[in-house]
Amino acid sequence: VKPTTPRCSVPKAVPVGKSASLRCHESEGFPKSTYSWYRNSEPLSPDSKSRSHNSSYTLNPATGTLVFHAVHKGDTGRYSCIATNDAGFAKCEEQEMEV
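Residues numbered from 1 in each chain as written. Predicted model: local features only at pLDDT ≥ 70, side-chain atom pairs only at ≥ 80, totals over all residues. Heavy atoms only, no water.

Enquirer: Give me the lowdown on the state of the cysteines, citing residues and values where you can.
Expert: As enumerated under the stated definition, the model contains two disulfides in all. The residue that forms a disulfide with Cys-8 is Cys-92, at a sulfur-sulfur distance of 2.0 Å. Looking down the S-S bond of the Cys-8 and Cys-92 bridge, the torsion is -100°, so its handedness is left-handed. Of this pair, Cys-8 sits in strand β1 (residues 7–9) while Cys-92 sits in the loop between β8 (88–91) and β9 (95–97), placing them 84 residues apart in sequence. What makes Cys-8 buried here is its relative accessible area of 15%. Taking the relative accessible area as the measure of exposure, Cys-92 reaches 5% and is therefore buried. The cystine pairing of the chain, numbering bonded cysteines in sequence order, is 1-4, 2-3. (Disulfide = S-S within 2.5 Å. Helix = DSSP H or I, 4+ residues; strand = E, 2+ residues; numbered from the N terminus. Buried < 20%, exposed > 50% of the residue type's maximum accessible area, 1.4 Å probe, protein only.)

What follows is the structure, given as structure tokens:
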């Protein structure tokens, strides 16, 4: 079963140096969906060591949770999430996060 459009929660504004949690979830897809996050249409690597800027975050593809440990200005942007399984994928609306 193809995933439905996931529900994404992105904080509107986060002070520099604070942590931020972004969540993405859908419950219709079977098999269970895996989640990937995008900032300004660029994929965020689940392995934050291969990132191009010095943000520190943890991305859990199984739960759809993206946690920034200490945000900085470079983390400002439009975030969206895609839920994917064998039957297809679905994407939530982009949401702005300001740091």
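On we go.
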